[in-house]
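Now for the letters of each chain:
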Amino acid sequence: MKAIVLDTANKPLVLKEIEKPALKPGEALVKIKAAALNRRDYWITIGKYANIKYPIVLGSDGAGIVYEVGDKQDKYLLDSEVIINPGYDWGSNENFQSVHFKILGLPDDGTFAEFVKVGVDQLHPKPAHLTWEQAAALPLAGLTSYRALFVKANAKKGNKVLVTGAGSGTGSLAVQFAVATGCEVFVTSGSGEKIERARQLGALAGVNYHAQDWAEQLQHLAGGFDVIIDSALGEGFAKLPDICNPGGSIVIFGGTAGNIPPLNGRKIFWRQLRIIGTMMGSPADFKAMLELLNKHRITPVVDQVFDLADAAKAVASMEHSTQFGKIILRA
């Protein structure tokens, strides 16, 4: 089968012919129709990710058709149109992942290939209203955004929600999820065009985080936020407690702008704020995310589509974060 292989860091991704995976009971072989890039794929290609192994087929997100199963009892799945939950072995505690948790695409070969081997319990019906490309854009970013908003922050109708970096895959889906559930959504971005795109998704307003007074602008627009979703961290994070309403939640994942700077702890405890970490989500979160998406017929935003052979160009396009939504590989 054809696959995009990373042989070592800072080397070009190469389209190669590799052996098709053999299946065990409880596994399925999915013929990939489309796969999506995530920021982790970029970090792995430049060697800045934990526990990298080579060679590796990258890709956590994928949508396709069940081609083969490893157990006769799973034959009902054959030819099903599916999307893949990329998180394995979450464990029994809904509050956090187990020590055995792993993400498809490292350490196991991922979706940037003609076929991918996955556990049958990772498969879910492809939402009927989505194209293959839109379906592939959903899993990792959708799961992360859903858990951040509704499990960790307990966002509900009428809440004022701030999504920082609204152009990312997680950011754009967070905007869509929050709008669908009746929240008043505001955004930040480094691009006026991306702010306008977020407004088209239902955000009420946004500010450019390059402006020196971006936090003051947001305070003027919204008066304060019940929920803040942040995937950047960095120096600007110090201003988030100032614009968070008493009793509010700041949920963090990622860290594209660096580490959290020194904070004034007095503001945090006096205003009863919660700063909460999250990462991916449980199988129950994934099912709930799909229910929300199907109920409101939410369509993930696709920025660009590349052919599988052009995976190196696709990954390189992530370097400067110019996209709005997800970058897709078409198999």
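Definitions and cut-offs
- Residues numbered from 1 in each chain as written.
- Predicted model: local features only at pLDDT ≥ 70, side-chain atom pairs only at ≥ 80, totals over all residues.
- Heavy atoms only, no water.
- Salt bridge = Lys/Arg side-chain N within 4 Å of Asp/Glu carboxyl O.
- Buried < 20%, exposed > 50% of the residue type's maximum accessible area, 1.4 Å probe, protein only.
- Helix = DSSP H or I, 4+ residues; strand = E, 2+ residues; numbered from the N terminus.
- Arc of directions from axis to C-beta.
- Contact = heavy atoms within 4.5 Å.
- Axes fitted to C-alpha atoms, helices over the stretch in contact; angles between N-to-C directions.
- Parallel < 35°, antiparallel > 145°, perpendicular 65-115°, else oblique.
- Left-handed = near helix turned anticlockwise from the far one by under 90°.
- Pairing = 2+ DSSP bridges.
- 1 Å grid on protein atoms, 1.4 Å probe; cavity = no way out; pocket = protein on both sides within 12 Å on 5 of 7 lines; lining within 4 Å.
- Points joined across faces, edges and corners; volume = space filled by probe spheres on them.
- Nonpolar A, V, L, I, M, F, W, Y, C, P; charged D, E, K, R; others polar.

## Some points on the pattern of salt bridges
No. 1: In total, this model carries eight salt bridges according to the counting rule given.
No. 2: Lys16 serves as the salt-bridge partner of Asp7, at 2.9 Å between the closest nitrogen and oxygen.
No. 3: By relative accessible area, which is 35% here, Asp7 ends up partly exposed.
No. 4: A salt bridge links Arg330 to Asp307; the shortest N-O distance between them is 3.7 Å. With Arg330 in strand β17 (residues 326–330) and Asp307 in strand β16 (residues 302–307), the pair connects residues that are 23 residues apart, well separated along the chain.
No. 5: By relative accessible area, which is 38% here, Arg330 ends up partly exposed.

## Overview of unusual backbone geometry
No. 1: Across the junction of Tyr54 and Pro55, the peptide omega takes the value -10°, indicating a cis bond.
No. 2: With respect to the helices and strands, Pro55 occurs in the loop between α1 (39–45) and β4 (61–69).
No. 3: For the peptide bond that leads from Leu106 to Pro107, omega is 15°, which places it in the cis range.
No. 4: For Pro107, the location among the structural elements is in the loop between β7 (102–103) and β8 (115–119).
No. 5: At Asp79, a residue that is not glycine, the phi angle is positive and equals roughly 70°.
No. 6: Positionally, Asp79 belongs in the loop between β4 and β5 (81–84).
No. 7: Of the residues examined, Asp79 reaches a relative accessible area of 63% and is grouped as exposed.

## Brief notes about helix α6 (residues 214–222)
No. 1: By the burial criterion, the buried members of α6 are Trp214, Ala215, Leu218 and Ala222. Projected down its long axis, α6 shows its buried positions confined to an angular sector of 100°, all on one face.
No. 2: Where α6 is buried, its residues contact β10 (160–163), β11 (184–189), β12 (205–208) and β13 (225–230).
No. 3: Of the residues trailing α6, Gly223 is marked for its positive phi of about 85°.

## Some thoughts on the packing of helix α3 (residues 139–152) against helix α4 (residues 169–180)
Helix packing geometry: the angle between the two helix axes and the distance between the axes.
No. 1: Running from N to C, α3 and α4 point in directions that differ by 50°, and their axes come no closer than 8 Å. By the angle between their axes, α3 is oblique relative to α4. In the crossing of α3 with α4, the sense of the turn from one axis to the other is right-handed. Contacts from Ala141, Gly142, Thr144, Ser145, Tyr146, Leu149 and Phe150 in α3 reach Gly169, Thr170, Leu173, Ala174, Phe177 and Ala178 in α4.

## Here's the deal with the sheet that holds β13
No. 1: Pairing is parallel across the open sheet formed by six strands, whose spatial order is β12-β11-β10-β13-β14-β15. Where the open sheet ends on each side, the last strands, each with one partner, are β12 and β15 (274–277). Here the strands of the sheet are splayed against their neighbours by 20° on average, with no regard to which way each runs.
No. 2: In terms of strand pairing, β10 meets β11 through four bridges, oriented parallel. Of the residues in β11, the one forming a bridge with Leu162 is Phe186.

## A look at the layout of surface pockets
No. 1: Size it by volume and the largest pocket reaches roughly 1,300 Å³.
No. 2: If you trace the largest pocket, you find 49 residues lining it, with Arg39, Ser231, Gly254, Gly255 and Thr256 closest to the centre.
No. 3: Elements with a contribution of two residues or more to the lining of the largest pocket: α1, α3, α4, β11 and β17.
No. 4: Considering each element in turn, the lining of the largest pocket owes the most residues, three residues, to α1.
No. 5: Residues belonging to the lining of the largest pocket are distributed by class as follows: 18 nonpolar, 24 polar and seven charged.
No. 6: Residue lining of the second largest pocket: 17 residues in total, with Pro21, Asp108, Asp109, Lys117 and Val118 positioned closest to the centre.
No. 7: The biggest single contributor to the lining of the second largest pocket is β8, with five residues.

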